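Single-letter residue listing:
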Amino acid sequence: MKKPTMKLFYNYPLIGFCILIMGLQGMKAQQTIKGTVSDNTGTPLPGASVVVKGTTNGTQTDFDGVYSLNEVAADATMIFSYIGFTTIEVNVANQTVIDLIMKEDSQQLDEVVVVGYGTQKKSDLTGALTSVSSKDYEKQPVTRIDQALQGRSAGVQVNQVSGAPGAGFKIRIRGTNSINGSNEPLYVIDGIAVSDINAINVNDIKSMEILKDASATAIYGSRGANGVVLVTTKKGRQGKARIELNMSTGMQQVSKRLDIMNAAEFAETVNLADAGASFSEAEIAAFRSSGGTDWQDEIFKTAPMSNLQMGVSGGNEDIDYYLSANHVGQEGIVQSQNYRRYSLRSNINAKLNENLSLGFNIYGSREERRGVATNINNAVTFDPTTPVYDENGDYNFSSVNSVGTSGTNPLLYAFENRRKDFDNRVIANLSLGYKLTNSLTFRTTFGSEFSNSKDKLYIPIIVNQTGNATITDINRVNLQNTNVLNYSKEFGDDHGLQIDLVHEQQHNKWDYLVAESENFATDLTGFQGLELGKIQRTSNELNNMLPSDQSLQSFLGRINYVLKNRYLLTASLRADGSSKFRKENRWGYFPSASLAWKITEEDFMLGSAFTSLKPRISYGVTGSQAIDALATRARSITGEDYNYPFDGGAGITGIAPSNRIENPDLTWEKTKQINAGIDIGLWASRLTLSLDWYQKNTTDLLLDVVLPEFVGANIITRNVGEIENKGFEINLGAKIIEGDDFSWNADFNFSRNRNKVLSLIDGIDFINAGRNNYLGQGVNNIPPTRVEVGQPLSTFRGYVYEGVYQTGETTIEGRKAGDPKYKDIDGDGAITAVDVVNIGNGAADYTWGLNSFMSYKNFDLNVLVQGSEGNDVYNFVRARQNGLGTSTFNGVHKDLLNSWTPSNASNIPAFDKTASSHQILSTQFLEDASFIRFKNISLGYNFSSELLESIKLQSLRLYVTAENLITITDYSGYDPEISSSGSSDVDLGIDQDAYPLAKIFSFGVNLSF
């Protein structure tokens, strides 16, 4: 039998490793030093580092600023450090109690922030940058990066576009620049550009810097046009091993229910609409007694979620480490949805000798998704008189009395379809730094991102009568090498110079494989037996995307110059060479420059209330290569649509000439941006304010131009058009109260962006760039949005709804009392496609966020509120609930109970299933989706140092949290923030089958030892 200790190492190696480290560091016991660490007002400083100089022996202060450190020699020196405060060394000299008051740095703004290819003092920044530290959200149980960013930075709009478990999110920085290309910012993790950050463990993050203006983003050249999000993960710390555990569990529920008729009300309206007796009085009485089927009850459920995080950190002067493991589990609030994420991280930094340092970071994650969500739009419009199952326990596939939608039983898809997805990812980087001289350093970094995604779906025979299986396999490889030569030197007291020279090379490769099979004889094997289907297909194309292989070579030069610690200059030039473009247009050049003046360093500002006063201005050019790898060339077309049965039998996969025209002159989109701002700090930075105004213009848009069909191949990608974004931002921070028992800090941000299309293709006034297959598109196949010169990128189209024709009112030809009334724009006496006009847009006029943190003795309260004003949503769900979209459809929305009749002169159209007079695309279903949302409210309790010492813990905190608790809005749908268009920016704000966000209540514990 194995000894218990050895069994622990075999079964739980991470825990055993941690215990071993602590044991080895505890062998040399001497004396214990205790004390408190506070600032000059007496406020405790939790998390301050206390380390014995020259050793790994160290600790951190608890919530009350109290520390206790064993094994300290009588002649040792202790080092006390805390962000924003001057590091202090104290000789022990036989003391056993050392209470320390730390002083703030001469400027609190000397905090170091990441700026891309290096770091810089915050006080020396000349560009527009927002930093979000882990301390900003550590009191909230966040599991995703969007939760950490949302509502915390001006000019940065973060939306969770779907409430599905494990769903991604959308980040936009200062509006949208491109029509065809992606508007996602560039994501950089520890210096390595990655494809996305959806699966990153937010608990591993130390800070995130959002680069917004061209001075800050131009250093990333062709990838920086949409802004840059720099993620810096946690590192080790000097001292003995510290273990941190964060655990939370919660319940989710749909935050709102739609106003839908019950079965009896629906049956009565069906009888009225059909002018007959589809339902007898006895049946209606039975529905009134039983309530019928509430499809919202059937598809929604209360769903659990959990988060478990473990982190271990420690080290000494020569090597430090940070290790973590995380598990997130989440079921969906819609039936049969499940998500799991597992992740591991290891960050190691070593000082190999006086001049050579090494860093190695590796992160691995696995995401698993199971289940197929039902069509929510179908569920909330389905016949409430139809039970889920018939008397034999089988599904009722459709409306029993053929009075509801033409859709299928909503639970059939959720319970019978089988889906199993996974996404494995590994991100790693190895860096070597060498100090050539005191002023000159060189660092080289090798990074990689490997990803494999597999989606397995089986639609059984009971659902579609044939059985269909699909397996999609996606492999991605991103390789990067970055070499940075840095020169930094101060010349006397007046001059400071920093020069960065960078060479960077990247290679990205994407491969797809789609295997399909259908016509199965049995459902037993599903997607595990593709060979059993009678019809089989394979393809290397996915959603019109072909395998790609692309490279980017880059060179960068950057200069930072400081004169007399008050006049600041930053200038850079980046050159990018992309394999996507032909040789003659391969290279793009992206310059930037910025100036700032630290007025508070001037003699005439001595003694003023200003801690900082720094105006700044910047200008720069960034680019975009948002096209396919072979977009400049004509490519042949293959597939089943291009075949001929040469042997008289079944057709074979064929090949056809390209429908695209090559364009060797294609080159970069370019975005030019000017930014003017000022940073203000008052009364020892108790109040801070940053104001920014910007204007950016994107020219030479990469757009597909459609030519007349008689030319043959009629699609060509060209550089045409221009889009403008301009606006202003406010960031305000305040230390409202700083007392012994009570403190209150708050941060507020405000953003206003105006987006406008200035020009398009060869003088064309508009193009249809969004989806054209939403439910009920109106007459003449009119899409709900379009891109139009002089308008925002996503402009809604539709008729102007003016109510209902009342009895005795003059109507246009073909209309009668009770019919909907639309504005006759051209005055021709008829409602036609000419009467469709611009009626709104999905972009907000402005957004804001407020983050408040209060503490009273051992309690803390964190409240995050966010708001959006002026954004419209096309509520196609409500249109569908009102019976529009098909000529045999009875609506279920309670508005219909107040429909027009000769005795009820309402502005809700009369029951009329002909639908010829009703238009979904109208202001009747366009709603103001402005909202104020209490995004997160967390209440915590921190246990006292006396109790912690008795149970051998460094910290212990219990908390309860409510997420999405209150949403104040006039929008009648489930959620004003979600959108059925996903990450698209040309058809924002369309609600059709969008998965609503959940209201979440959770409880958790944070502890460390």
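What counts and what doesn't
Residues numbered from 1 in each chain as written. Predicted model: local features only at pLDDT ≥ 70, side-chain atom pairs only at ≥ 80, totals over all residues. Heavy atoms only, no water. Helix = DSSP H or I, 4+ residues; strand = E, 2+ residues; numbered from the N terminus. Rg over C-alpha atoms; globule rule 2.2 N^0.38 Å. Buried < 20%, exposed > 50% of the residue type's maximum accessible area, 1.4 Å probe, protein only. Contact = heavy atoms within 4.5 Å. Areas by Shrake-Rupley, 256 points an atom, 1.4 Å probe, with all protein chains shown as cover. Expected span 1.5 Å × (residues − 1). Polar contact = N/O pair within 3.5 Å; in protein donor to acceptor, adjacent residues only side chain to side chain. Pairing = 2+ DSSP bridges. Axes fitted to C-alpha atoms, helices over the stretch in contact; angles between N-to-C directions. Parallel < 35°, antiparallel > 145°, perpendicular 65-115°, else oblique. Phe/Tyr/Trp six-rings, centres within 6.5 Å; stacked < 30°, edge-to-face > 60°. Lys NZ or Arg CZ within 6 Å of the ring centre and 35° of its normal.

Q: Explain the overall build of the protein here, please?
A: What the protein contains, in helices and strands, is twelve helices and 52 strands. Taken over the C-alpha trace, the protein has a radius of gyration of 32 Å; the compact-globule value for 1009 residues is 30 Å, and the two agree within 12%. Its C-alpha atoms give the protein principal-axis dimensions of about 100 × 65 × 65 Å. In the protein, which comprises 1009 residues, the proportion classed as buried is 52%. A sequence separation of at least 24 residues applies to 69% of the contacts in the protein between residues at least 6 apart. Per element, the accessible surface of the protein, about 43,500 Å² overall, is 55% carbon and sulfur.

Q: Looking at this structure, how should I read helix α5 (residues 263-274)?
A: Working note: α-helix, 3.6 residues per turn, so residues spaced by three or four point in the same direction. Taking 1.5 Å of rise per residue, the twelve residues of α5 would be expected to cover 16 Å, and the 16 Å separating its terminal C-alpha atoms lies within 8% of that figure. Considered for burial, the residues of α5 that qualify are Ala 263, Ala 264, Glu 265, Phe 266, Ala 267, Thr 269, Val 270 and Asn 271. Looking at the buried residues of α5, the elements they touch are α6 (281-290). By the N-cap criterion, in which a side-chain oxygen at the helix start approaches the backbone nitrogen of a residue two or three places on, α5 is capped by Asn 262, the distance to Ala 264 being 3.2 Å. Positive backbone phi, approximately 50°, marks Ala 275, located one or two places after α5.

Q: I would appreciate a short explanation of the sheet that holds strand β4 (residues 66-72) in the present structure.
A: Strand pairing within a sheet occurs via backbone hydrogen bonds; the two strands may be parallel or antiparallel. The mixed open sheet is built from three strands, whose spatial order is β4-β1-β7. Two strands in the sheet have a free side with no partner beyond their single neighbour: β4 and β7 (100-101). Strand direction decides the pairing type here: strand β1 (residues 31-38) and β7, joined by two bridges, are parallel. Directly across from Ser 38, in β7, lies its bridge partner Ile 101.

Q: Could you clarify how one ought to interpret the packing of α5 against α6 in this entry?
A: Packing of α5 against α6 brings their axes to within 7 Å, and their N-to-C directions diverge by 155°. Viewed along their axes, α5 and α6 adopt a mutual orientation that is roughly antiparallel. The residues of α6 that touch α5, namely those facing Ala 263, Ala 264, Ala 267, Glu 268 and Asn 271, are Ile 284, Phe 287 and Arg 288.

Q: Would you mind showing me how to read the packing of aromatic side chains here?
A: To describe a pair of aromatic rings, one takes the distance between the centres and the angle between the planes. Counted according to the given criterion, the structure contains 21 aromatic pairs. Here Lys 489 stacks its cationic end above the ring of Phe 491, 5.9 Å away from the centre of that ring. Lying over the aromatic face of Phe 931, Arg 933 brings its terminal NZ or CZ to 5.3 Å of the ring centre.

Q: When you look at the sheet that holds strand β44 (residues 837-841) in this model, what are you seeing that I'm missing?
A: Strand order in the open sheet formed by four strands is β39-β40-β41-β44, with antiparallel pairing between adjacent strands. The open sheet terminates on both sides in strands that have one partner only, identified here as β39 (766-767) and β44. In this structure, strand β40 (residues 785-788) lies alongside strand β41 (residues 795-798), joined through two bridges in antiparallel fashion. By the bridge assignment for β41, Thr 785 is matched with Phe 796.

Q: Honestly, the side chain of Ser 399 in this entry has me stumped. Any pointers?
A: As for its position among the elements, Ser 399 is in the loop between α8 (376-379) and α9 (410-416). Among the polar contacts listed, one links the side chain of Ser 399 to the side chain of Asp 383, at a separation of 2.7 Å. At 3.1 Å, the side chain of Ser 399 and the backbone nitrogen of Val 403 are in polar contact. Excluding its chain neighbours within four sequence positions, the residues that come into contact with Ser 399 are Phe 382, Asp 383, Thr 386 and Gly 404.

Everything listed is a geometric property; what it means functionally is a separate question.
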